[in-house]
Amino acid sequence: MKSIRVRFAPSPTGPLHIGGVRTALYNYLFAKQNNGKIILRIEDTDSVRFVPGAEQYIIESFDWLGITFDEGVHIPNKEGITYRQSERKSIYKQYADFLINSGKAYYAFDTPEEIEEKRKTIANFQYDASVRMQMKNSLTLSEEEVKNRMAKGESYVIRICIQPDEDIKVQDLIYGEVVINSSIVDDKVLWKSADQLPTYHLANVVDDHLMDISHVIRGSEWLPSTPLHVLLYRYLGWADSMPQFAHLPLLLKPDGNGKLSKRDGDRLGFPVFPLEWHDPNSSEVIAGYREKGYFPDALINFLALLGWNPGTEQEIFSLSELIEIFSLERVNKSGAKFDFEKAKWFNHQYLQMKSNNELAEKYKEFLAEKNLTAPDDYIQKIVELVKERAYFIHDLWEVSSFFFLRPDSYDEAVIRKRWQENTPQHLKAIKEIIAAEPNFQIDKAREQVKKYIEDHQLNMANIMNCLRLSLVGYAKGPDLFEIINLLGVEESSERIDIAINKIHPSL
RNA sequence: GGUCAGUUCGUCUAGGGGUUAGGACACAAGGUUUUCAUCCUUGCAACAGGGGUUCGAUUCCCCUACUGACUGCCA
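Sequence positions are assigned chain by chain, starting from 1 and proceeding in written order. Lettering of chains starts at A and numbering of ligands starts at 1, both following the order in which they are written. Local features in this predicted model are restricted to residues whose pLDDT is 70 or higher, and side-chain atom pairs enter the listing and the counts only when it is 80 or higher, whereas totals over whole chains, interfaces and linings include all residues. Based on all heavy atoms of the structure, the side-chain values leave hydrogens and waters out of the count.

Please clarify how the overall build of chain A should be interpreted in this entry.
Along the backbone of chain A there are 20 helices and 14 strands. All radius of gyration figures rest on C-alpha atoms, and the globule criterion is 2.2 Å times the number of residues raised to 0.38. Scaling as 2.2 N^0.38, a compact globule of 507 residues should have a C-alpha radius of gyration of about 23 Å, whereas chain A reaches 32 Å, well beyond that. Summarising its shape, the C-alpha atoms of chain A cover approximately 110 × 50 × 40 Å along the three principal directions. Think of it in three bands: residues with accessible area under 20% of the maximum for their type are buried, residues over 50% are exposed, and the middle band is partly exposed, with areas taken using a 1.4 Å probe on protein chains only. Counting over 507 residues, chain A shows a buried share of 50%. In what follows, a contact means two residues having at least one pair of non-hydrogen atoms within 4.5 Å. In chain A, 71% of the contacts between residues at least 6 apart in sequence involve partners at least 24 apart. Accessible surface is estimated by sampling points in the Shrake-Rupley manner with a 1.4 Å probe; for residues, cover comes only from the protein chains shown. Entry remark: accessible area of chain A is about 24500 Å², with carbon and sulfur atoms responsible for 48%. Only four residue types enter the charge count: Lys and Arg as positive, Asp and Glu as negative, with His and the chain ends excluded. To locate a charge, take atom NZ for lysine, CZ for arginine, CG for aspartate or CD for glutamate. Computed over 61 positive and 75 negative side-chain charges, the inter-centroid distance for chain A is 2 Å. Only runs of H or I of at least four residues qualify as helices and only runs of E of at least two qualify as strands under DSSP, and these elements are numbered from the N terminus.

Below is the structure:
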């Protein structure tokens, strides 16, 4: 059996779209499952839309995600193969010439303006068998005229010459058999005059053949042009070794319909790109998952399930589990709306699974940006105590900042509801209880404080929340005695004193 | 406009000729807690419509509607 080789082939026209990440992921899973290879090829045949830095961005994104390639632009090889299409120009030219010589393609001299004019005046105009003999091309012009025009440097394109009225069958691994009549596909441009480079159609077919690609797994926006590619394989004499196609459903906007786009991210407030992107032209900064605090494995898990599922009720999958059970057969045909809330949920799940050590390391970096430091084991204990209420690393700050900073204010609503005239005296008493034991013990202290409250027939919720208020500043958070334990009895006592001095409810 | 494709809870989806149409997210209620969150329990909520085929259709077929992709010297 032919060995499995797949490719992910983005064009460097900007940051890598999250849909592209999913396509790459599915390619990766399929390759790894089958002991195959995955290749990263850069399709930069559009010199107009080229964006500097985009290629590097793509590589860095996969690096962050942990999706590794076997061959590609970023991986040196001793054969001297380049995976950047702009550097493979002469290869494509040979095949374009071959098609010309074998009558499967022709030169066309019609200017963009002339074609635009046709589109305007003729309904459903397309450059195909029905009109090609009325156009300016090497089929209608004499050989000499063609030579003349070319000698004069007149610009031309190379167009494929499609034979009309033939049913082209594509066996898609996901969509099944799709039949399209060749009459509806136009004589697509294979070679552009503008930048003297091939178009996607020619370049991708030539490369997939030369790179021995066994399966083309790509977005379903390519389905309509697949018949053209099939024809190209035939015209080039490669029909027997043509790769198998698998078209993936699109990622849709969360609201309404349509392809997910960069603007949706801005509009709805979630990232559409793996990494933050600094636009080199506008100096605009666009949000990325990494910078927003997502874990790469959580993002991958979320993305894997968007359009595919194993048919079981399992939701959490490691990369290696995904490699194990992924299958193209179980990929859906219909587009999936991007559910940002679920992405957050996955991140929460993954945060709970991370070790306290790993989380503490990340939290430490976060704290460093605020010029805060603390011993590693102290940070670890804090993380352990509060992590279940965090979805992101930065949430840890919201739920544990009081360990690093004394409260600078006290929640008014809690004061109004809980703080009473005799509260200070009881807090003082509780402070004494806590400080009484030479070695603070969480359970023992809790027991004793509760006993005090009961003995004095006080309202548990009122006293406890006032105690919390004085230590934390508000009425939320983990177990109070766990907090005291980490804060230390001395610090806790001081905070109680400060609170008693500062809080004067106006009734 | 043309071509191709898609359509199960709000969202991601499972299922498949006879099911109380299952799970997850979100949402709501209750429980737990000193509090908030987590967590647990419960609830809410779906087969686009119309024709066939069939004893029986959400499932198979056809039509319609809707949605999307494509329709560039972009990928």
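What is the right way to look at the pattern of salt bridges in this model?
Two side chains that carry opposite charge are able to pair once their charged atoms sit near each other. Whenever a carboxyl oxygen of Asp or Glu lies within 4 Å of a side-chain nitrogen of Lys or Arg, that contact is scored as a salt bridge. One pass over the full model with this rule turns up 38 salt bridges. When the shortest N-O distance is used, the salt bridge between D208 and R41 registers 2.9 Å. Separated by 167 residues along the polypeptide, D208 in helix α6 (residues 200–210) and R41 in the loop between β2 (37–40) and α2 (54–65) bring together distant segments of the chain. Residue class for R41 comes out buried when judged on its relative accessible area of 0%. One continuous salt-bridge network, built from bridges that share partners, spans R7, R41, E43, R88, D207 and D208.

Just to check I follow, could you spell out the confidence of the model for chain A for this structure?
Low pLDDT marks stretches whose predicted atomic positions should not be read closely. Residue-level confidence of the predictor, termed pLDDT, takes values from 0 up to 100. Summary statistics for chain A give a mean pLDDT of 94 and a share of 99% for residues scoring 70 or more. For this predicted complex, the interface confidence comes out at an ipTM of 0.95, alongside a pTM of 0.94.

What's the story with the protein's contact with RNA strand B in this structure? I'm lost.
Any residue with at least one heavy atom within 4 Å of a molecule or strand is counted as near it. The environment of RNA strand B is formed by 62 residues, the closest being D46, K192, S193, R389 and A475. Take the atoms of RNA strand B that sit within 4 Å of the protein: sugar and phosphate atoms are 71% of them. Whenever a nitrogen or oxygen atom comes within 3.5 Å of another N or O atom, the pair is scored as a polar contact, on the condition that within protein one atom can donate a hydrogen and the other can accept it, and that pairs from neighbouring residues in sequence are kept only if both atoms are in side chains. Within the contact set of RNA strand B, a phosphate oxygen lies 3.2 Å away from a side-chain nitrogen or oxygen of R330. K337 is positioned such that a nitrogen or oxygen atom in its backbone is 2.9 Å from a phosphate oxygen of RNA strand B. Sort the elements by how many residues they give to the surface near RNA strand B and helix α18 (residues 460–472) lands first, with five residues.

Just checking my understanding: could you explain the environment of K370 for this structure?
The residue K370 is located in the loop between α12 (356–369) and α13 (376–386) in this model. Given a relative accessible area of 39%, K370 falls into the partly exposed group. Residues K370 and Y127 lie 243 residues apart in sequence; the distance between their C-alpha atoms is 62 Å.

Which parts of the structure should I look at to understand the packing of helix α17 (residues 442–455) against helix α19 (residues 480–487)?
Helix-helix packing: each pair is described by the crossing angle between the helix axes and the interaxial distance. Note on method: axes are straight lines fitted to C-alpha atoms, helices fitted across the in-contact stretch only, with angles between N-to-C directions ranging 0 to 180 degrees. Running from amino to carboxyl end, α17 crosses α19 at an angle of 125°, the nearest separation of the two axes being 9 Å. Of the possible angle classes, the one that applies to α17 and α19 is oblique. In this structure, the crossing between α17 and α19 has a hand that is right-handed. Seen from α17, the contacting residues are I442, A445, R446 and V449; seen from α19, they are F481, E482 and N485. Any angle between 65 and 115 degrees counts as roughly perpendicular, while under 35 counts as roughly parallel, over 145 as roughly antiparallel, and the rest as oblique. Crossings are sorted by hand: turned counterclockwise from the far helix by less than a right angle, the near helix makes the crossing left-handed, and turned clockwise it makes it right-handed.

Hey, could you run me through the side chain of N465 in this one?
Mapped onto the secondary structure, N465 falls in helix α18. A polar contact of 2.9 Å, which involves the side chain of N465, links it to the backbone oxygen of A461. With residues near it in sequence (within four places) discarded, N465 still touches R418 and A475.

I would appreciate a short explanation of unusual backbone geometry in the present structure.
A negative phi angle is the norm for most residues apart from glycine, just as the trans form is the norm for most peptide bonds. We note that D212 has phi near 60°; this positive angle belongs to a residue other than glycine. Its identity is not glycine, yet Q457 carries a phi of approximately 50°, on the positive side. As for its placement among the helices and strands, Q457 is situated in the loop between α17 and α18.

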